[in-house]
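# Descriptive analysis of the structure
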Amino acid sequence: MNDMAYGALLPETPREFGFFVDGAWRAGHDWFTRTSPSHDIPVTRIARCTTDDLDAAVAAARRAFENRSWAGLPGAERAGILLRTAEGLRRRRDEIAYWEVLENGKPLTQARGEIDHCIACFEVAAGAARLMHGDSFNNLGDSLLGLTLREPIGVVGLITPWNFPFLILCERVPFILASGCTLVVKPAEVTSATTLILADILAEAGLPGGVYNVVTGAGRTIGQALADHPDVDMLSFTGSTAVGRSCVHASADSNLKKLGLELGGKNPIVVFADANLHDAADAVAFGIGFNTGQCCVSSSRLIVERSVAREFETILADKMAKIRVGDPFDPQTQIGAITTQAQNDTIMGYIAQGQKEGAKLLFGGRALDLGRGHFIQPTLFSDLTPSMAVGREEIFGPVLSSFHFDTTEQAIALANDTVYGLAASLWTRDIDRALTVTRRVRAGRFWVNTIMAGGPETPIGGFKQSGWGRESGLLGVEEYTQVKSVHIETGGRTHWIAS
Ligand code: NAD
């Protein structure tokens, strides 16, 4: 398809969304317009909600929680609604992918794949809704039986980022719903459309009113007010470590709401000399290129054994040169646009700083002029010193820093030399080494001879400053429950007061 034909796929006028409270759409009082980062045209108009709107959403979620219309259902009925939602996502897959592309800039083929993953999230969570259970203590003596009950924690606030607007939403929402909680979601202001579309699909699937509410607007106002809200029992926040830290303060200063935090990363990918270097290089290119490196689990620090480092960097640079950057509607495109102008400037700033600090630029480093939108070449730096910002700080863009090591201990030390601990990848054919490094590197997700693999069955989350708690899988449901210990006496009471 030529450029003109891609133009035909663009909306003629921006699609306007209200916000969703208590099972009904409400019109905004004020709006902001989102521009496609790939095409520079307005694509959506999103309501700028007020704190009164937020209060109404929290009140609706509270009512829906307290009236037991959701928490009181058998797990099997909750599962039925989650499975019908999965069907709804299948039917509207192309529509969701389309708006995800327009607001985020990611390739359409990638967006469709992400929605398949989202469908799987709903299916896995449906199973979890039926299997969630507590425990029993049949060892307290003949007169006492102990039970632990898992109860939904209550009203959950959910704040999501712009890099995977729908995927991150769906790695949380079905698991929160499976637990019996109700929620108020605040998507990133630049990527709100698909979170709103999900409201429609959940309602069609039979979700009672008030269980899933969406308010839209800026993080500084509506996000902060949700984090501060005294009637929210738990906040699940996914985004930067800086805002995650402010959510901790907000919880401490309000009602000590429980927090789930999924924050930043500076994730290592360790390559030993015995690895299949072509497989590893392909994985490294994918690890930093996928979603333009705007990925919390992007492997942005290459840690490669010195004996093969130069050879490996050459293979890698060659692969990076073949990555197809372009219009996200082109089925050949592997990397789309940088999602916001601010993020584009941040990435270009880091590239300039890396060069200024003396890192060696082996590939890329340039913005690409495609006539519209903002695009950046995948970029590879080597010969860094440990203090250079480009190798230490989360850039959230397609910029990779290469470090060299001689021993396994050095590789482990380099991998752990970060305040973050979100994910790590390791490439070797030596099983002893693989197990040693896997057990010693502090990261919540670990991939051996693969990268970014896995589905909604396994939990996700970070060590160190990458976050608290886990999402997805059975743990991702339990995270939204609290445990009540129950003691039941059988037989007569041994009296305290003599009769
Ligand atoms: P961000 O922290 O700026 O924003 C994330 C969300 O928080 C948005 O919805 C935003 O509106 C809201 N927000 C902003 N200020 C707020 C405040 N004061 N109080 C409450 N909410 C507020 O992050 P971003 O730029 O959207 O996303 C990039 C960051 O997210 C990166 O650091 C990345 O690593 C991280 N991230 C982490 C994961 C993970 O699973 N660990 C996934 C994706 C992104």
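Residues numbered from 1 in each chain as written. Predicted model: local features only at pLDDT ≥ 70, side-chain atom pairs only at ≥ 80, totals over all residues. Heavy atoms only, no water.

## A few points about the state of the cysteines
Put simply, the test is: Our working definition of a disulfide is a cysteine sulfur pair at a distance within 2.5 Å. Relative accessibility under 20% of the residue-type maximum defines a buried residue, over 50% an exposed one, and the middle range a partly exposed one, all with a 1.4 Å probe and only protein chains included.
Under the criterion given, the structure shown has zero disulfides. The thiol sulfur of Cys-118 is not disulfide-bonded, and the nearest other cysteine sulfur, from Cys-170, lies at 3.8 Å. You can call Cys-118 buried: its relative accessible area is 0%. Cysteine Cys-296 shares no disulfide, and the gap to the nearest cysteine sulfur, in Cys-295, comes to 5.6 Å.

## Quick look at the UniProt feature "active site" (unreviewed entry) in the protein
Our working rule: UniProt positions are given in the numbering used here, feature names are shortened, and annotations may be inferred rather than shown by experiment. Elements are defined by DSSP. Helices are runs of H or I of four residues or more, strands are runs of E of two residues or more, and each kind is numbered from the N terminus. Note on contacts: a residue pair qualifies if any of its non-hydrogen atoms lie within 4.5 Å across the two residues.
Following the UniProt record, the feature "active site" (unreviewed entry) maps to Glu-262 here. Mapping Glu-262 onto the fold places it in strand 12 (residues 258-262). Residue classification places Glu-262 among the buried positions, given a relative accessible area of 6%. Not counting residues up to four positions away in its chain, the partners in contact with Glu-262 are Arg-172, Phe-237, Thr-238, Gly-239, Ile-460, Gly-461, Ser-466, Gly-469 and Glu-471.

## Some points on the site of the ligand
Convention followed: Near residues are defined by distance, with any heavy atom within 4 Å of the molecule or strand qualifying the residue. N or O atoms closer than or at 3.5 Å make up a polar contact, with two conditions inside protein: a donor-capable atom paired with an acceptor-capable one, and, for residues adjacent in sequence, both atoms drawn from side chains. Cavities and pockets are defined on a 1 Å grid built over the protein atoms alone: a cavity is a set of grid points where a 1.4 Å probe fits but cannot escape, while a pocket is an open set with protein on both sides within 12 Å along at least five of seven lines, and lining residues are those with an atom within 4 Å of any such point. Assignment of a molecule to a cavity or pocket requires that more than half of its atoms lie within 2 Å of the corresponding grid points. Only Asp, Glu, Lys and Arg are considered charged, only Ala, Val, Leu, Ile, Met, Phe, Trp, Tyr, Cys and Pro nonpolar, and every remaining residue, Gly among them, polar. Note that the domain bounds reflect an automated or database-derived domain assignment.
Around the ligand sit 27 residues, and of these Lys-186, Glu-189, Ser-240, Leu-263 and Glu-394 come closest. Taking Thr-160, its main chain carries an N or O atom lying 2.7 Å from an oxygen atom of the ligand. The contact in question runs from an oxygen atom of the ligand to an N or O atom on the side chain of Lys-186, over 2.7 Å. When atoms are counted within 2 Å of each cavity's grid points, the one that captures over half of the ligand is the largest pocket. Elements represented by at least two residues in the shell around the ligand include exactly helix 9 (219-228), strand 11 (234-238) and helix 10 (241-253). If one sorts the elements of the shell around the ligand by residue count, helix 9 sits on top with three residues. Each residue belonging to the shell around the ligand can be placed in one class, and the counts come to 12 nonpolar, 10 polar and five charged. Formed jointly, the shell around the ligand draws a minimum of three residues from each of two domains, domain 1 (4-263 + 466-484) and domain 2 (268-448).

## Details of the packing of helix 3 (residues 75-91) against helix 8 (residues 193-204)
If you want to describe how two helices pack, look at the angle between their axes and the distance between the axes. Under the convention used in this document: Here the axes come from fitting lines to C-alpha atoms, over the contacting stretch only for helices, and the angles between their N-to-C directions go from 0 to 180 degrees. Roughly parallel means an angle under 35 degrees; roughly antiparallel, over 145; roughly perpendicular, 65 to 115; everything else is oblique. Handedness of a crossing is defined here by the sense of rotation of the near helix relative to the far one, left-handed for an anticlockwise turn of less than a right angle and right-handed for a clockwise turn.
It is at 8 Å that the axes of helix 3 and helix 8 come closest, and there the two elements cross at 130°. Regarding the angle of helix 3 to helix 8, the classification is oblique. Where helix 3 crosses over helix 8, the two elements pack in a sense that is right-handed. Seen from helix 3, the contacting residues are Thr-85, Gly-88, Leu-89 and Arg-91; seen from helix 8, they are Leu-198, Ile-201, Leu-202 and Glu-204.

## Notes on the layout of surface pockets
Cut-off, in case you're wondering: Grid points are joined across faces, edges and corners, and a volume is the space filled by probe spheres set on the points.
In this model, the largest pocket occupies a volume close to 980 Å³. In terms of lining, the largest pocket is formed by 39 residues, of which the most central are Trp-162, Phe-237, Gly-239, Ser-240 and Val-243. Among the secondary structure elements, those contributing two or more residues to the lining of the largest pocket are helix 9, strand 11, helix 10 and helix 13 (341-357). Considering each element in turn, the lining of the largest pocket owes the most residues, six residues, to helix 10.

## Section: the domain arrangement of the protein
Condition: Joining two parts hides part of their accessible area as seen by a 1.4 Å probe, and the buried area is that hidden amount summed over both. Definition used for salt bridges: Asp or Glu carboxyl oxygen within 4 Å of a side-chain nitrogen of Lys or Arg.
You can read the domains of the protein as domain 1 (4-263 + 466-484) and domain 2 (268-448). Each of domain 1 and domain 2 was reduced to a C-alpha centroid, and the two centroids are 30 Å apart. Between domain 1 and domain 2, the contact holds 28 residues from the first and 28 residues from the second. Taken over both partners, the interface formed by domain 1 and domain 2 buries close to 2400 Å², and the fraction arising from carbon and sulfur atoms is 60%. On the surface where domain 1 and domain 2 come into contact, there are zero salt bridges. Connecting domain 1 to domain 2 are 13 residue pairs in polar contact (both at pLDDT 80 or more). Looking at the side of domain 1 that touches domain 2, the elements that each hand over two or more residues are helix 4 (93-104) and helix 5 (108-131). If one sorts the elements of the side of domain 1 that touches domain 2 by residue count, helix 4 sits on top with five residues. For the side of domain 1 that touches domain 2, the class distribution of residues is 13 nonpolar, nine polar and six charged.

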